[in-house]
Amino acid sequence: GSRRAQLRAQYDSFNPRSLHVGAGVESLCRHHPAYPEALAGAAAPHMLNVLGGARRLTALRSTPAVAIVGSRVPSDYGREMARSLARGLAVSGVSVVGGWQDGIAMAAHVGALDAAGTGAAVAVMGGGLEASSTRRRRALLRQLTRVGCAVSELPCDCGGRRWGTLASERTIAALATVTVVVEAEQTAGDLAVARLAQAHGGTVAAIPGRVTAPLSHGTNALLKGGATVVRDPGDVLELLYSTEVWRAPSAPEQSVQALSVEPRLQTLLERVGAGVDTPERLARAGASSGEALQGLTELELMGLLRRGDGGRYVPTRSLQATFQPSKPNGPS
C-alpha cells in the first residue's frame, strides 16, 4: 500500500545482529539439525528462539508430547483437572506442551513441574521470550526451563503481535501427538489449537463437562464432532500409545493409585465431584454440617480435595480411581 517504499527500505536495511538475544537463548533456523521435525512444512516458523536448551526441544522426537489447552478463565475444577493431567503425564515420561497464558495452559505447566518424572514441559509463547514473561511469571519460567524449555519465533524483547497468539497455537498443535482440551467455551479462541490439530490430522481429545456450563460448550461440541473422551492421565496414555508407535515405559507409574478411603469419605468425595461442593450445599443435600466439615478437612489433608474460590471444594484427581474401602472394625 502507501507504506510500500518505507517498508522496503526498512527490510533492505535490516541487520540480524541488531536483534536482542537473551541470556541462555539459542536460535534455531528451520534447517538446523535440532529443529523439531514435527514443525516441518510451509507454515513452519522460520526460526525458533529456545530458552532452556535446544537438546530438550530435540527430545520431542523420541518422546510423545501432549498439548493441554483450554480457556484462559477456567473454573477451579478445570484448573485442577489440567494440573492433574499434566502431573500424571509427566510422571509417565510424556512431554506437556502448552501456551504461556493464564488459565488451563498455566495450570498444566504447574502440574508438569509438580512431577518428578522424565517428561518435560514446553511453553510456546506468542511474543518474545523476555517480553512474554511478566514479573509474576519469571520464577515459574526459571523453574520450567530447568527441566523443559520455552520457545518463541519472535526476538526476545519483541512484544506480542496480533498474529502472535495464533502462530504459537499452530506450533503447539504441530508439536503435540495428542491435543487435550480441558475446559473451553465454544469460541474460536478457546478451540483454536484443537481446530488446528484436526486440520492437520492430529488426534484431539476432550474432558466432558456439564451441558449447562458455558465452559463445557466447547469441549462437548468437540466430543459430539468425534473427539475422544478422556477422564484422567490413564485415558490419555491409552489414546497416545494406540495413536503412535511409542515404546511404553517398562513399568509406568499409575497416575491414580488405589486408595484406602472410608465409605463415608468416598460418598462425600463423589458428592463434591457431582457439584455439591460447599458445606452449605452438602447440608442442603442432607449431610450433617459437622460431619461434612470434618470429612472435607480429612479429604483435603489426604490430598483429594483442594479449596477453590467462594468456599467451594475441587477434587484434585479423577473420581475414576479404584478405591479400596476400609475394613470395618467389627463383623458385618
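Residues numbered from 1 in each chain as written. Predicted model: local features only at pLDDT ≥ 70, side-chain atom pairs only at ≥ 80, totals over all residues. Heavy atoms only, no water.

### Examining a positive patch on the surface
A grouping of Arg135, Arg138, Arg142 and Arg146 is seen on the molecular surface, where their side chains present a positively charged patch. Among the secondary structure elements, Arg138 is positioned in helix α5 (residues 135-147). Classification of Arg138 as partly exposed rests on a relative accessible area of 42%. (Patch = residues over 30% accessible without salt bridge, like charges linked within 9 Å, V, L, I, M, F, W, Y side chains within 5 Å. Areas by Shrake-Rupley, 256 points an atom, 1.4 Å probe, with all protein chains shown as cover. Salt bridge = Lys/Arg side-chain N within 4 Å of Asp/Glu carboxyl O. Lys, Arg positive; Asp, Glu negative; His and termini not counted. Charge placed at Lys NZ, Arg CZ, Asp CG, Glu CD. Helix = DSSP H or I, 4+ residues; strand = E, 2+ residues; numbered from the N terminus. Buried < 20%, exposed > 50% of the residue type's maximum accessible area, 1.4 Å probe, protein only.)

### Some words on the sheet that holds strand β4 (residues 95-98)
Within the open sheet, the nine strands sit side by side as β1-β2-β6-β5-β4-β3-β7-β8-β9. Their pairing is mixed. Of all strands in the sheet, those with a lone pairing partner are β1 (25-29) and β9 (228-229), marking the two edges. The sheet contact formed by strand β8 (residues 203-206) and β9 spans two bridges and is parallel. Across the sheet, Ala206 pairs through a bridge with Val229, a residue of β9. (Pairing = 2+ DSSP bridges.)

### Some points on the pattern of salt bridges
One pass over the structure, following the stated rule, counts eight salt bridges. Among the salt bridges present, the one from Arg83 reaches Asp114, with a minimum N-O distance of 2.7 Å. Residue Arg83 is located in helix α3 (residues 76-91), and its partner Asp114 is located in helix α4 (residues 104-114); the two are separated by 31 residues in the primary sequence. We note a salt bridge from Asp114 to Arg87, for which the minimum N-O separation is 3.6 Å. You can see Asp114 sitting in helix α4 and its partner Arg87 sitting in helix α3, a full 27 residues away along the chain. Accessibility expressed as a relative area gives 37% for Asp114, which makes it partly exposed. Assessed through its relative accessible area of 26%, Arg87 is described here as partly exposed. A single salt-bridge network, built from bridges that share partners, covers Arg83, Arg87 and Asp114.

### Here we look at the packing of helix α10 (residues 263-273) against helix α12 (residues 289-301)
Running from amino to carboxyl end, α10 crosses α12 at an angle of 90°, the nearest separation of the two axes being 10 Å. In terms of orientation, α10 and α12 fall into the roughly perpendicular class. Contact with α10, carried on its side by Arg264, Leu265, Leu268, Leu269 and Val272, involves Ala292, Gln294, Gly295, Leu296, Glu298 and Leu299 of α12 and no other residues of that element. (Axes fitted to C-alpha atoms, helices over the stretch in contact; angles between N-to-C directions. Parallel < 35°, antiparallel > 145°, perpendicular 65-115°, else oblique. Contact = heavy atoms within 4.5 Å.)

### Remarks on the confidence of the model for the chain
On average, the chain scores 81 in pLDDT, and the residues at 70 or more come to 86%. Per-residue pLDDT, averaged within each element of the chain, yields its smallest value for strand β13 (residues 323-325) (48) and its largest for strand β7 (residues 178-181) (96). Within the model, the stretch residues 245-258 combines pLDDT values under 50 with 23 contacts to residues more than four positions away or in other chains. Predicted confidence for residues 321-330 stays below pLDDT 50, and this span has 16 contacts to residues more than four positions away or in other chains. (pLDDT = per-residue confidence, 0-100.)

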